[in-house]
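Here are the chains, one letter per residue:
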Amino acid sequence: VLIDNGIYISSQNGQRLTTFKFYTELLCDLGDYYRSSDYNREPPIISLDRNLIIDPLVLPLLATMGAYLKSFHKKPLFLELENDLSSNGLIRFLIQSDFLYVVGDNKNPQLPLGKEIFIFDKRVVGGFSSNKEMQADHKLRVFSEDDSGIMAYKKQGSAESQRDYLIEYFYYLTTTHFGPLIERTTNDESLIDHLFDTLSELTTNGIYHSETDVFVMMFNTAKRCSCSISDYGKGLYKSMETKASNSYYETLGIVNELKNIVSLKMSIDVQHAGFAIFETLYYSMLKSRNGLFDLVLSIVLDFNGTFRIHNESVQVVVSARMHNELSELRKLRLKIYDCHALFNMEKTTEKEFLSDMLILSRQAKSAILQLANNLFIRYTLDIQYSAIRILSVKLKGVHIETEIPKI
Amino acid sequence: MVISAIKYNSFLFIDAHAEQSYTGSFLADKGDFNTNVSQGIYGQELTKETLLNILEYILAGSQELTVIIDCSSIRDIQSNQQEQIKAIKKYVKLLILTNVSEAIVVKLGIDIYANNVISDGVCLEFHVADNVEDVSYPSYEELFTKKFEDLLKANVLESEPKKAFRKNSPIYITKFIDVKGMLVSDREFFLYVIYRLAVGILDREIWSKHLYQPILFCQNLNGAFIASVLSSFLQWDLLTMDHIGPVNKMYSNIGNKIKNDGRYLVISDMVCLGTEIRICQNIINYSGGHYLGNASIVRVDTLVPEHQEKDIISVYHINHDNNPVNYKILTALDITSI
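Report on the accompanying structure. (Residues numbered from 1 in each chain as written. Chains lettered and ligands numbered in written order. Predicted model: local features only at pLDDT ≥ 70, side-chain atom pairs only at ≥ 80, totals over all residues. Heavy atoms only, no water.)

### Thoughts on the packing of helix α6 (residues 189–210) of chain A against helix α10 (residues 292–302) of chain A
Residues and elements named next belong to chain A.
- Packing of α6 against α10 leaves a shortest axis separation of 11 Å and a crossing angle of 145 degrees. Judged by the twist between their axes, the crossing of α6 over α10 is left-handed. Listed contacts from α10 to H194, T198, E201, L202 and N205 of α6 are L292, L295, S298 and I299.
- In terms of residue class, the contact of α6 with α10 is built from four nonpolar, four polar and one charged. (Axes fitted to C-alpha atoms, helices over the stretch in contact; angles between N-to-C directions. Helix = DSSP H or I, 4+ residues; strand = E, 2+ residues; numbered from the N terminus. Left-handed = near helix turned anticlockwise from the far one by under 90°. Contact = heavy atoms within 4.5 Å. Nonpolar A, V, L, I, M, F, W, Y, C, P; charged D, E, K, R; others polar.)

### Overview of the nonpolar core
- M218, F278 and F307 of chain A are the most contacted members of the largest nonpolar core, which has 88 residues in total.
- The residues contacting F278 of chain A, other than those within four sequence positions of it, are I254, L258, V316, I368, A372, L375, F376 and I388 of chain A.
- Counting 58 residues, the second largest nonpolar core, distinct from the first, contains I3, F233, I313 and Y316 of chain B. (Core = buried A, V, L, I, M, F, W, Y, C linked by side-chain atoms within 4.5 Å. Buried < 20%, exposed > 50% of the residue type's maximum accessible area, 1.4 Å probe, protein only.)

### Re the environment of K89 of chain B
- Looking at where K89 of chain B falls in the secondary structure, it is placed in helix α3 (residues 82–91).
- For K89 of chain B, a relative accessible area of 27% gives the class partly exposed.
- A sequence separation of 25 residues divides K89 of chain B from E64 of chain B, and the C-alpha atoms of the two residues are 9.6 Å apart.
- Leave out the neighbours within four places in its chain, and K89 of chain B touches M345 of chain A together with Y113, V128 and A129 of chain B.

### Considering the sheet that holds strand β17 (residues 329–330) of chain B
All names here are of chain B.
- Within the open sheet, the three strands sit side by side as β9-β10-β17. Their pairing is antiparallel. This sheet does not close on itself; its edge strands, each paired only once, are β9 (165–166) and β17.
- Here two bridges tie strand β10 (residues 171–173) to β17, and the two strands are oriented antiparallel to one another. When the bridges of β17 are listed, I173 appears paired with I329. (Pairing = 2+ DSSP bridges.)

### Regarding helix α1 (residues 16–27) of chain B
Residue and element names in this part refer to chain B.
- Within α1, ten of the twelve residues are buried, which leaves it mostly tucked inside the rest of the structure.
- For α1, the complete set of buried residues consists of A16, H17, A18, E19, Q20, S21, Y22, T23, G24 and S25.
- N-cap assignment for α1: the residue whose side-chain oxygen lies 3.1 Å from the backbone N of H17 is D15. (Polar contact = N/O pair within 3.5 Å; in protein donor to acceptor, adjacent residues only side chain to side chain.)

### What about the interface of chain B and chain A?
- Tallying the contact residues gives 35 residues for chain B and 32 residues for chain A.
- Sorting the residues of chain B by area buried against chain A places R75, N80 and I112 of chain B first, and these three jointly supply 20% of that buried surface.
- For the pair chain B and chain A, the number of links is six salt bridges.
- For K347 of chain A, the salt bridge identified is with D130 of chain B, shortest N-O distance 2.3 Å.
- Contributions of two or more residues to the side of chain B that touches chain A are made by α1, α2 (48–59), α3 and α4 (102–108) of chain B.
- Residues that form the side of chain B that touches chain A fall into these classes: seven nonpolar, 16 polar and twelve charged. (Buried area = accessible area lost by both parts, 1.4 Å probe. Salt bridge = Lys/Arg side-chain N within 4 Å of Asp/Glu carboxyl O.)

### A look at the packing of aromatic side chains
- Per the stated rule, a full pass over the model turns up 28 aromatic pairs over all chains.
- Judged by centre distance (5.5 Å) and plane angle (45 degrees), the rings of F144 of chain B and F189 of chain B are tilted. Of this pair, F144 of chain B sits in helix α5 (residues 140–154) while F189 of chain B sits in helix α7 (residues 187–203), placing them 45 residues apart in sequence. Neither F144 of chain B nor F189 of chain B differs from the other in exposure class; each is buried.
- The side chain of R141 of chain A reaches across the aromatic face of F178 of chain A, ending 5.9 Å from its centre.
- Across from the ring centre of Y208 of chain A, 5.2 Å away, lies the NZ or CZ of R163 of chain A, which sits over that ring. (Phe/Tyr/Trp six-rings, centres within 6.5 Å; stacked < 30°, edge-to-face > 60°. Lys NZ or Arg CZ within 6 Å of the ring centre and 35° of its normal.)

### Some remarks on the environment of V2 of chain B
Residues and elements named next belong to chain B.
- Residue placement: V2 occurs in the segment before β1 (6–8).
- On the accessibility criterion, V2 (4% relative accessible area) is buried.
- Considered as a pair, V2 and F144 are 142 residues apart in the sequence and their alpha carbons are 15 Å apart.
- For V2, the contacting residues outside a window of four places in its chain are I14, E19, N53, I54, Y57 and E188.

### Structural notes on the pairing of strand β7 (residues 214–220) of chain A
Residue and element names in this part refer to chain A.
- The element β7 is extensively covered by neighbouring structure, given that seven of its seven residues are classed as buried.
- Side chains of β7 alternate between two faces, with V214, V216, M218 and N220 and F215, M217 and F219 buried alike.
- Two elements, β7 and strand β8 (residues 224–231), share seven bridges in a ladder whose sense is antiparallel. Paired with F219 across the bridge in β8 is S226.
- Linking β7 to β8, which pair antiparallel, is a turn of three residues.

### Considering the pattern of salt bridges
- In total, this model carries 30 salt bridges over all chains according to the counting rule given.
- Measuring nitrogen to oxygen at the nearest pair gives 3.0 Å for the salt bridge that ties E403 of chain A to R308 of chain A. Of this pair, E403 of chain A sits in strand β10 (residues 388–405) while R308 of chain A sits in strand β9 (residues 306–318), placing them 95 residues apart in sequence.
- Classification of E403 of chain A by relative accessible area gives buried; the value is 19%.
- Among the salt bridges present, the one from E328 of chain A reaches K331 of chain A, with a minimum N-O distance of 3.3 Å. In this pair, E328 of chain A and K331 of chain A both sit in helix α11 (residues 323–344), three residues apart, roughly one turn of the helix.
- It is possible to trace a salt-bridge network through shared partners that takes in E160, D164 and R289 of chain A together with K48 of chain B.

### Remarks on unusual backbone geometry
Residues and elements named next belong to chain A.
- One non-glycine residue, D98, lies in the positive phi region at around 70 degrees.
- Mapped onto the secondary structure, D98 falls in the loop between α3 (89–96) and α4 (99–103).
- On the accessibility criterion, D98 (6% relative accessible area) is buried.
- Within the chain, E346 stands out as a residue other than glycine whose phi angle is a positive 60 degrees.

Set out below in structure tokens:
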């Protein structure tokens, strides 16, 4: 709810604050705050109701939002917490998940170093009514480019080596941080390996492209294992703009074609934000590397999970409902991958490779265009259950959530 | 650095999991004070740094060989490592991956070499080449034993029976096995020997599968080195008590070092009669801890198998049938010229 000098977050009727509510309600309130007549160039005060129930996946988003607003106002925000010593489960959750350490000004090296995003009254933290510990490894993690462990990555030569270096580093980190959590989740070894790969790939993408801090939270419940990764960098469109064209890829080709195909009326910013998601998937699909696209396919097709990617003001939810389209795309992807592998191992000539890739890239392009167009058509028919969500207020950066059900 | 490499004629053998354990335990931590990365021998994903180490080793003087990389215990591989395999393939006569899972082959993008037989998701011998020819080579175990014996023979110090009196047991040992010398003369290989000991210890479920992890207990300098490497590989704590020494030594302040109900595994370099082990066992049990057993690099089996204790593990055993250095334990009854 919008109040005089900030935002008051509470749960109505005991409903939890989910990422959906974060995008649709909280961000709208925030937009209203900046548009209101009371706005005096001061950052909003974020105050949390003591009965608020918060979905763990929201924590990275909250930290990202704070970090972005801090960089906008050039000063930290106030966070108001209430502690009446009886129902203080929220503060307990925020402290045990390390959220308050990460966003505060913690200097104790035993705990995550604070990023000084929020200022809050430290006296309210403590006096917890119950000593029940939550699972010890449900913690918000923050990674940033100037962590001393990865400072060397820019010296690694080619872009691919830089990424490999980061992926390897984050593989070790994720196995250290999330290993016990993931191993409690499942006994399926291929799933465990896959979750490690997913986390390291997504964190690497965040660090590599956004050039900001990346917030990561992983959480498991009895039914699912989910993780949320978010940054407040330049977003997908600006990243895709910088990709060079070659004989089988044209810079922003998908974005430009979608502008002609999709009939839905949107502002140019929303178009860019939305179409760039498909552009990114297409680009990733054409590459010789295993990347984002393979990850999406694998989460949805192999593990029956859900992949939600939110870029600026558009969210695309990839789930088992797109099973057929995705299976087709996977067939194409495998052909493209083989084509690269053959060329790389010097089994085909460059000429053969390029002519094969030209055909395959055309097929891939039309498949992606088809998928995107269908999704936008379905959006116009039925907004509530659409795989695309167009939100009225944008949150800078890329925010990814994955959910994998336990079998 | 590659720890498990063994060259034999035109072959080069490498154990991928040992290399990955070395990377994960000692190279992966890039020095960020906030994060402590150490995987030990539990890591099962082969990463780029390991592959680059292997490549570097091959470039430094092992080119044009048939390279056999054993991938058992490797479950997964970092994405996009086809480049590294391609680079290794370029500098070798033939690259063979043994015991490699189909998933890894696919992830590496080398499933285009389709002539290899893959059954039940595992390929026993994957040739990274178009033509799969029969290549015969000795087993890695044989070569390891041979290399270990050569190292052992090169580090035996002989002395006159008169001067061979060992203060800690009332015996004469004319051939002293210099484990420190083995370590110094082949550092890489010695790390691999410790890796094998670590794997052996972990396989003893009665030790490793317990709510409280064992604490490695070492009683001399060589033992402390071995235990510190083991501690990185196994991620277990270690306790060092130097100068356990002679049988008749009196101990005044030992009690406070041993945790009540702690589980202790004694690590030593070389076990002959096991006198020091007994002392350690007594100290541990007297102070309220549990003595689990003993792990060593070389062990002399002074008893026939059915009389031996069962709580021991060792990389190499010297016994009646297997005594390449002609090791002898003498008493004055055997020596006439004293």
